[in-house]
Amino acid sequence: MLFIGFSAFADAPIVSVKKATVDEEAVGNLSGTVTDKADGKPVIGATVSIPDLKIGSITDVNGKYVFNHVPKGVYLVQVSYLGYATFNQKVDFTKTSVFNVQLQTSSLEAGEVVITGVSKATEIKRSPVPMVAVGKAYLDQRAASGNIIDQIANLPGISAVTTGPNVSKPFIHGLGYNRVITLQDGIRQEGQQWGDEHGIEVDQNSIDRVEVIKGPASLTYGSDAIGGVVNLITPAPAPEGKILGSVQGIYGTNQGLLNGSFRLQGNQNGLIWGTVVSAKEAKNYQNEHDGRVYATGYKEKDARVMVGLNKSWGYSYLHASVFDDEQDIPDGSRDSLTRKFTKQITEDDAFRPIVPESELNSYKIPTLHQHVQLYRIYNNSNFILGSGNLLVNLGYQFSHRREYTHPEDGDIAGLNLHLSTYTYDVKYNFNIGNDYETTFGINGQYQNNTIGDATDFPIPAYHQFDIGPFFVIKKSFGKLDLSAGARFDNRSFSGNAAYVDTLGGPHGFPTLYTGPNPTTAPNVKSQFDALNKNFSGVSGSFGATYNVSDEFLVKGNIARGFRAPSIAELSANGPDPGSQIYHVGDKNFKPEFSLQEDIGAFLTLPNISASVELFNNDISNYIFQQQLLDKTGAPVITQGYNTFTYVQSKARIYGGEVNVDLHPLPWLHFENSLSLTYGENKGNGGPVADSLKYLPFIPPLHTHSELRANFNGGFKSVKGLYAFVGFDHYSAQNRFFAAYGTETATPGYNLLSAGLGGNIVNKAGQPVIKLFIEGTNLANVNYQSNMSRLKYFDNKDVPDGVRPGIFNMGRNISFKVVVPFGFNTNKKS
């Protein structure tokens, strides 16, 4: 019905649409030719895009492109093609209808443009806020990663806390969980981020671009963005008159990963539509130390559809998607003699048999597993209004998380959470006076969480409402770009009281008690007290970029961030089976406030690019988890799980990144980066004990070197060839939160990777097959990452001389094949 309605609107006479929505003089056309600056020949197949309008075009055999019915105004135009420097320039469509571009050959990858956290599309190098972005080519070449967060976790300043190969939570400069907001097309992702093993519910096959803000983004995204933002961007609309699609398959040798995806999208007279359907499954992963690691397999099914209009008045896209994942739940238990993995088969857990080899090597999901579903519908709209544009992003999502933890009653969920989230984000961009780019906006969300039919209750049912008005102003003074803004946030919680009948459920399991007189009813205990909380705070940012020359620039930014405590930090009182933790919250927590300073210097020369970025982040009321120990020093066990409580103190996180990319030959690249993050617990006054002085989950020193060869011209029917060899060094992490046995030291390790690929093209030079091969941990090193939660999954007692915990994945080689296809639907005259 939506498709038919949009089709009717799209096919309506153009004149009537203009009369109803826009002034005739407010609409124009833009066309031009893209040529090689050296020889003047047309560049065929170059991408010409206007990011703010979400429109793009591909140059034809004569290097020509055209945009019809574009709104008048000043917009950034980007032109890119392999082997050439990306061209970015603001164009006033009121004065310009023909815009020719000359591209210059270059071996440097520069000119990246972002749309996240800015009022208009902006070059990264001109934004004072630290950012990084990667596109489709980068993601395709990281096919060995099990999820979209792992695909970007090797970027400087970015890491991930993992629970196996399919569950990863993004960390930016040592901050994660509810301190980093994950967006999809600008709509925030909400799926119980407080949980250690609660990953990002997004189909990696549907993401073509990732933009990351590396620092406080509370100004534009509110509470929970105190550490940064990860924006996952779905495929851009197809060019006018095109239907494009692809079929792809991925196979990974380590887990036997099978990942298939189909996409199709089109654009006819501004009617935009598209769909992506995917499915993947994997067995238990393996390494030389552990063999196959029991309960690390998964099965995932995904689908999304989009339909919308892109007209002279702007655009409006409606998206809908479903994510459905069945994920094993590992606990690391082993036979004490053979160290082979065992599994729970009875409720009393009196005996655990060794997992047979046939089961370890099976795709079957075991009885104990989690089932996560996320249903999402959202709208992205941009309306040309007056002298500016009104952006409206509205979303609804329903997260249903079940964790099945009863081996003899596999259909009874231990955990059963239902989270409904309504998000809104409205902002108006316009120019004040002499080109002061200004944005006024308001955004937030409303949440309703219920705890359903279950036997474990880590968090209560609750309502939450966030609201935050803000403004941002940007101005360029010649070589100097300035940006400033402020925001006020308010978050209100309303948590419901709950009682549990410890014997009243099926087969004697605990269940929620809804009867009368809970305080006197037999076998009934209080699980949660009623809670009403309100948090508010002011955040802001001021930054500057100074372009010393075309080759060298410096920039700095200072930002104040705000974060209200999460429902788990305030109210948790129960086990989360998937994390193997019993959580305990504190209703007296205060909101977090941060003050972060960033400074960076960037150099771009014909054969070398280099950058140095430093940051310092002081956080008050920083909240983190620590393990509880009894008087003997042993972990406190509650309902069969280690008990962790949330605590609060002052903290400081600081560090930086260094990047040096050498290009001795046009086709040869030598890329190098170094990332260093320190996290210190400053306590609440007075000296801090040695075991307490560091923060948990802080990544170690990480260096990455990659020697890459690109042969864009290729030979005969093989084009776009590339090959690379990568080396990653992770230093030992001896700065860890040792108190109460929360963390342990992690030895350093080195990893070797490599990849190659290319395109098989037809006579017209169009790809008919794309091949991507990537190998990770090629030396098959036995290692544990300090960011892996499986490092702590083992028996309570481990034999002397045995390093406890589960090790990371061994050697893995992935093969990705993409078969693209397309049609031109434009009618020939």
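One can find the structure itself at the top, above this paragraph.
Each chain has its residues counted from 1, following the order in which its sequence is written. Local features in a predicted model are, by the rule used here, given only for residues with pLDDT of at least 70; side-chain atom pairs are given and counted only at 80 or more, and totals for whole chains, interfaces and linings are based on all residues. Hydrogen atoms and water are omitted, and side-chain values are computed over all heavy atoms in the structure.

Another point: the sheet that holds strand β32 (residues 524–528). Taken together, three strands build an open sheet; the order of strands is β31-β30-β32 and the sheet is antiparallel. Only two strands of the sheet have a single neighbouring strand rather than two, namely β31 (511–513) and β32. In this sheet, neighbouring strand axes are inclined to one another by 50 degrees on average, regardless of whether the strands run parallel or antiparallel. Where strand β30 (residues 498–501) meets β32, four bridges bridge the pair, whose relative direction is antiparallel. Residue pairing for β32: Ala498 is matched across the bridge by Phe528. Strand pairing is defined by DSSP finding a minimum of two bridges between the two strands. Helix and strand assignments follow DSSP, with helices taken as H or I runs no shorter than four residues and strands as E runs no shorter than two, numbered in order from the N terminus. Only C-alpha atoms enter the line fits that serve as axes; for helices the fit covers just the stretch in contact. Angles between N-to-C directions range over 0 to 180 degrees.

Two aromatic rings from Phe, Tyr or Trp, using only the six-membered ring of Trp, form a pair when their centres are within 6.5 Å; if the ring planes differ by under 30 degrees the pair is stacked, by over 60 it is edge-to-face, and anything between is tilted. Overall, the coordinates contain 30 aromatic pairs when judged by the stated rule. Between Phe87 and Phe99, the ring centres sit 6.1 Å apart and the planes meet at 50 degrees, which makes this aromatic pair tilted. One end of the pair, Phe87, is in strand β6 (residues 87–92); the other, Phe99, is in the loop between β6 and β7 (101–103), with 12 residues separating them in the sequence. Between buried and exposed lies partly exposed: a residue is buried under 20% and exposed over 50% of the maximum accessible area for its type, with that area taken using a 1.4 Å probe on protein chains only. A relative accessible area of 21% means that Phe87 is categorised as partly exposed. By relative accessible area, Phe99 is classed as buried at 10%.

A separate point is the sheet that holds strand β15 (residues 209–213). Two orientations exist for strands paired in a sheet by backbone hydrogen bonds: parallel and antiparallel. Spatially, β10-β15-β16-β13-β14 is the arrangement adopted by the five strands of the open sheet, whose pairing is mixed. Sheet topology places β10 (131–134) and β14 (187–188) at the edges, where each strand pairs with a single neighbour. In this sheet, β15 lies alongside β10 in antiparallel orientation, the contact comprising four bridges. Note on β15: the bridge partner recorded for Val132 is Val212.

A few words on the pattern of salt bridges. The salt bridge criterion pairs a side-chain nitrogen of Lys or Arg with a carboxyl oxygen of Asp or Glu, the two atoms within 4 Å. Under the definition given, this model contains 31 salt bridges. Between Arg304 and Asp185 there is a salt bridge; the shortest N-O distance is 3.9 Å. Of this pair, Arg304 sits in strand β22 (residues 298–311) while Asp185 is found in the loop between β13 (180–184) and β14, placing the two residues 119 residues apart along the sequence. A residue is classified by how much of its surface remains accessible, and Asp185, at 12% relative accessible area, is buried. The partner of Arg491 in a salt bridge is Asp466, and the shortest N-O contact between them spans 2.7 Å. Here Asp466 lies in strand β28 (residues 462–477) and Arg491 lies in strand β29 (residues 480–495), a separation of 25 residues in the sequence. Three or more residues joined by partner-sharing salt bridges are found here, namely Arg188, Glu190, Asp224, Asp466 and Arg491.

Here we take up the side chain of Asp425. With respect to the element layout, Asp425 can be found in strand β26 (residues 415–432). Relative accessible area serves as the criterion here: at 7%, Asp425 is assigned to the buried category. Each polar contact in these results corresponds to two N or O atoms within 3.5 Å; when the atoms are within protein, one needs to be able to donate a hydrogen and the other to accept it, and residues that are neighboring in sequence are counted only if both atoms are side-chain atoms. Here the side chain of Asp425 touches Lys427 through a polar contact of 2.9 Å, side chain to side chain. One polar contact links Asp425 to Asn443, side chain to side chain, over a distance of 3.4 Å. What makes two residues a contact is simply this: any of their non-hydrogen atoms within 4.5 Å. In this view, Asp425 contacts Leu391, Val392, Asn393, Ile442 and Asn443; residues no more than four positions away in its chain are not counted.

Turning our eyes to something else, we now look at the side chain of Gln625. In this fold, Gln625 is placed in strand β38 (residues 608–627). A residue is classified by how much of its surface remains accessible, and Gln625, at 14% relative accessible area, is buried. A polar side-chain atom of Gln625 sits 3.1 Å from a polar atom in the side chain of His583. Among residues more than four places away in sequence, those in contact with Gln625 are Asp196, Ile581, His583, Phe644, Thr645, Tyr646, Pro696, Phe737 and Thr742.

Right, let's get into the pairing of β6. Both strand β5 (residues 74–80) and β6 contribute to a ladder of six bridges, which runs antiparallel. In the strand pairing of β6, Gln78 is matched with Asn88. Between β5 and β6, which follow one another and run antiparallel, lie six residues, and Gly83 among them has a positive phi close to 90 degrees.

Moving on, we get to unusual backbone geometry. One non-glycine residue with positive phi stands out, namely Phe697, at about 55 degrees. Considering the arrangement of structural elements, one finds Phe697 in the loop between β41 (668–683) and β42 (702–711). In this model, Tyr740 sits at a positive phi of 60 degrees, which is unusual for a non-glycine residue.

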